[in-house]
Amino acid sequence: VLLALLGLLGLSSFLTMPRAEDPQVDFPYVTVAVSYPGTSPLDMETLVADPLEEAIKEVEDLEDLSSQISNGLVVQRVEFRYGSDPDDKYDEVVQAVASVRDDLPKDIGRLEIEKFSPSNVNIFQVALVSEDASYLQLERLAEDLEKRFDRVSGVKETKVWAVPEQQV
């Protein structure tokens, strides 16, 4: 009798359990991207990546911190233990970056901190690099590519970033 009751309870739970094709799951994962055009990877590491890493390592529940460094660009991926509140961890990373912002070079092109969202996953990234083209030409080409990608069915969002602001 007990076994039959457990079976009925299991069947009832299975039939009434809410389901979703794409359930909302919040991952405690943050990305920090810093653009500093014209800087070598070695300088990017010493001037930007190392100070940011030292500040972010102080945040609790840190699972993994990895940096990708290239000419003029640092992308750091910060992962926290699963179960941590993603909004709190995002705020803590923003505070950690703000605490070392004055130690970073003043003429950084762009510093972006983004919280990972499964509904906003980058599937395809394109980097435009040229020895001869100006930043303005590259920006115009990037905007043209953005318009073309927007027309492709199934593309949810396109974004152009790491373009330095124009100064006169």
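Details of the structure are given in the entry above.
Residues numbered from 1 in each chain as written. Predicted model: local features only at pLDDT ≥ 70, side-chain atom pairs only at ≥ 80, totals over all residues. Heavy atoms only, no water.

Q: When you look at the environment of L128 in this model, what are you seeing that I'm missing?
A: Within the secondary structure layout, L128 lies in the loop between β4 (110-115) and α4 (135-150). On the basis of relative accessibility, which here comes to 30%, the residue L128 falls in the partly exposed class. With sequence-adjacent residues up to four places away left out, L128 is seen in contact with L138, L141, A142 and L145. (Helix = DSSP H or I, 4+ residues; strand = E, 2+ residues; numbered from the N terminus. Buried < 20%, exposed > 50% of the residue type's maximum accessible area, 1.4 Å probe, protein only. Contact = heavy atoms within 4.5 Å.)

Q: Got a minute to help me understand the packing of helix α2 (residues 41-56) against helix α3 (residues 86-100) in this structure?
A: Relative placement of two packed helices is described by the angle separating their axes and the distance separating the axes. For the pair α2 and α3, the least separation of the axes is 9 Å and the interaxial angle reads 130 degrees. Classed by the angle they form, the pair α2 and α3 counts as oblique. Every pair of crossing elements has a handedness; the one defined by α2 and α3 is right-handed. Note on element contacts: α3 touches α2 through A96, V97, S99 and V100, opposite P51, L52, A55 and I56. Its residues assigned to classes, the contact of α2 with α3 shows 7 nonpolar, 1 polar and no charged. (Axes fitted to C-alpha atoms, helices over the stretch in contact; angles between N-to-C directions. Parallel < 35°, antiparallel > 145°, perpendicular 65-115°, else oblique. Left-handed = near helix turned anticlockwise from the far one by under 90°. Nonpolar A, V, L, I, M, F, W, Y, C, P; charged D, E, K, R; others polar.)

Q: Would you take a moment to explain a nonpolar patch on the surface for this structure?
A: Taken together, the side chains of L11, F14, L15 and M17 define a hydrophobic patch exposed on the protein surface, amounting to about 440 Å² of accessible area. Overall, the relative accessible area of 59% leaves L15 in the exposed class. (Patch = residues over 30% accessible without salt bridge, like charges linked within 9 Å, V, L, I, M, F, W, Y side chains within 5 Å. Areas by Shrake-Rupley, 256 points an atom, 1.4 Å probe, with all protein chains shown as cover. Salt bridge = Lys/Arg side-chain N within 4 Å of Asp/Glu carboxyl O.)

Q: Even after reading the chapter, I still don't get the sheet that holds strand β2 (residues 62-70), so can you show me in this structure?
A: Backbone-to-backbone hydrogen bonds join strands into a sheet, with any given pair of strands oriented parallel or antiparallel. An order of β2-β3-β1-β4 is seen for the 4 strands of this open sheet, with the pairing classed as antiparallel. Bordering the open sheet on either side are β2 and β4, each of which pairs with just one other strand. When the angles between neighbouring strand axes are averaged without regard to direction, this sheet yields 10 degrees. The pairing of strand β1 (residues 29-35) with β4 spans 6 bridges and is antiparallel. Paired with A33 across the strands is E112, a residue of β4. Docked against the sheet, α2 engages β1, β2 and β3 (73-80), running at close to 165 degrees with respect to β2. (Pairing = 2+ DSSP bridges.)

Q: Looking at this structure, how should I read unusual backbone geometry?
A: Excluding glycine, most residues fall at negative phi; most peptide bonds, likewise, are trans. For D61, which is not glycine, the phi torsion reads 65 degrees and is therefore positive. With respect to the helices and strands, D61 occurs in the loop between α2 and β2. The exposure class assigned to D61 is partly exposed, which follows from its relative accessible area of 32%.

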